[in-house]
Amino acid sequence: MITKSLLTKNKTCLMTIDQYIQNINAAHHGGGSVYINDNQYFADVPLSAWNFYIGGYQPAQKWLKDRKGRTLCFEDILHYQKIIVALAETGRIMSEIDNVEIE
């Protein structure tokens, strides 16, 4: 997963979350890009991770909503990418478990 801003490899604050987070459902565009402002986005976010629920929350969406108006630093971006990977893998493993046949 790559963000447009990460291409700079700059460890300063990189991404500002703005109006896209007001309508979080519109933030996830086809192709797996989650836009957080006019020019910056997280690429290759699986829809399964984006829509994944844990205890009534959608962590991929809630994490961004909780940071609305903030500027994300390099560490924040890496952390969010780890969240997305964890959610995608959890969904994949849950699907595998659901397909296990018990004799």
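Residues numbered from 1 in each chain as written. Predicted model: local features only at pLDDT ≥ 70, side-chain atom pairs only at ≥ 80, totals over all residues. Heavy atoms only, no water.

Some remarks on the side chain of D76
In plain terms, the rule: The way it works is that DSSP assigns letters per residue, a run of H or I at least four long becomes a helix, a run of E at least two long becomes a strand, and they are numbered from the N terminus. Burial status follows relative accessibility: with a 1.4 Å probe on protein chains alone, a residue under 20% of its type maximum counts as buried, one over 50% as exposed, and anything between as partly exposed. Here a polar contact means two N or O atoms within 3.5 Å. Within protein one must be a hydrogen donor candidate and the other an acceptor candidate, and residues neighboring in sequence count only if both atoms are side-chain atoms.
Relative to the elements of secondary structure, D76 occurs in helix 4 (residues 74-98). For D76, a relative accessible area of 17% translates into the label buried. Among the polar contacts listed, one links the side chain of D76 to the side chain of R70, at a separation of 3.2 Å. A polar contact of 2.9 Å, which involves the side chain of D76, links it to the backbone nitrogen of C73.

Things to note about helix 4
The following threshold applies: Every helix has an expected span of 1.5 Å times one less than the residues it contains.
Compared with an ideal rise of 1.5 Å per residue, which puts 25 residues at 36 Å, helix 4 spans 37 Å between its outermost C-alpha atoms and is within 8% of the ideal. Looking only at helix 4, the buried set comprises F74, D76, I77, Y80, Q81, I83, I84 and L87.

Brief notes about the confidence of the model for the protein chain
Predicted coordinates in areas of low pLDDT are best not read in detail. Operational definition: Values of pLDDT, the confidence the predictor places in each residue, fall between 0 and 100. The contact criterion used is simple: two residues touch if any of their non-hydrogen atoms lie within 4.5 Å.
Residues at a pLDDT of 70 or more form 70% of the protein chain, whose mean pLDDT is 79. Between the elements of the protein chain, mean pLDDT differs from a low of 54, seen in helix 1 (residues 24-27), to a high of 95, seen in helix 4. Under a pLDDT of 50 for its full length, residues 1-10 has, in the predicted model, 26 contacts with residues more than four places off or in other chains.

What to know about the packing of aromatic side chains
So the rule is basically this: Only centres within 6.5 Å qualify two rings of Phe, Tyr or Trp (six-membered ring in Trp) as a pair; their planes then separate them into stacked at under 30 degrees, edge-to-face at over 60, and tilted for everything else.
Taken as a whole and judged by the stated rule, the model has three aromatic pairs. Both rings, one in F42 and one in Y80, keep their centres 4.6 Å apart while their planes meet at 50 degrees; by these two values the pair is tilted. In this pair, F42 sits in strand 4 (residues 41-42) while Y80 sits in helix 4, placing the two residues 38 residues apart along the sequence. Residue classification places F42 among the buried positions, given a relative accessible area of 0%.

Thoughts on the pattern of salt bridges
Operational definition: Salt bridges are identified by distance alone: a Lys or Arg side-chain nitrogen within 4 Å of an Asp or Glu carboxyl oxygen.
Under the defined criterion, the tally for this structure stands at four salt bridges. With its nearest N and O atoms 3.2 Å apart, the salt bridge here joins R70 to D76. In this structure, the salt-bridge partner of E89 is R92, at a minimum N-O distance of 2.8 Å. Of the two residues, E89 and R92 are both situated in helix 4; the distance of three residues between them amounts to about one turn of the helix. For E89, a relative accessible area of 34% gives the class partly exposed. Here the salt bridges do not stand alone but share partners, grouping E89, R92 and E96 into one network.

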